[in-house]
Amino acid sequence: MPCVDYPIVQRVEQGIGRVVQPLRLEDWAWPIAADVYRLNLYSRLTGRTAPGGTVSDEQLARAIRESFTQTNDDAYREMVELATDAALAAYDRVVSRNIKQARAQRAN
């Protein structure tokens, strides 16, 4: 996925107003998008939700291996595309929400 250059959001200590550390949105938005991708693809491949609400790389790999005998290439491509779209949408929502919050905080 391409790296989009989003503005740096600064975390500020409550009540003090000094910068603690710069935080780049993509540093934590990508892991969220990756989790959404794994959950979505796992659910599509297995037809069930992930145990505990998270899917490890190993669990996803196992689901992919097990689905090869049950899923044709076109269906698998569609599942990957849908999971990718969901992950990108989650990334966009996280970044957009936080940019809006940062702008609102800056305006105050």
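Calculation rules
- Residues numbered from 1 in each chain as written.
- Predicted model: local features only at pLDDT ≥ 70, side-chain atom pairs only at ≥ 80, totals over all residues.
- Heavy atoms only, no water.
- Helix = DSSP H or I, 4+ residues; strand = E, 2+ residues; numbered from the N terminus.
- Buried < 20%, exposed > 50% of the residue type's maximum accessible area, 1.4 Å probe, protein only.
- Polar contact = N/O pair within 3.5 Å; in protein donor to acceptor, adjacent residues only side chain to side chain.
- Salt bridge = Lys/Arg side-chain N within 4 Å of Asp/Glu carboxyl O.

Looking now at the environment of Thr46. Its location among the elements puts Thr46 in helix α1 (residues 25–46). The exposure class assigned to Thr46 is partly exposed, which follows from its relative accessible area of 23%. With 18 residues separating them in the primary sequence, Thr46 and Ile64 have C-alpha atoms 8.8 Å apart. Of the polar contacts made by the side chain of Thr46, one reaches the backbone oxygen of Tyr42; its length is 2.8 Å.

Turning our eyes to something else, we now look at the pattern of salt bridges. On inspection of all chains with the given rule, the structure shows three salt bridges. A salt bridge links Arg38 to Asp35; its shortest N-O distance comes to 2.3 Å. Of the two residues, Arg38 and Asp35 are both situated in helix α1; the distance of three residues between them amounts to about one turn of the helix. Given the relative accessible area of 18%, Arg38 is considered buried. Classification of Asp35 by relative accessible area gives partly exposed; the value is 38%. For Arg38, the salt bridge goes to Asp57, with nearest N and O atoms at 3.5 Å.

Before going further, it helps to spend a moment on the environment of Ala87. Mapped onto the fold, Ala87 is located in helix α3 (residues 73–107). Taking the C-alpha atoms as reference points, Ala87 and Leu41, separated by 46 residues in sequence, lie 10.0 Å from one another.

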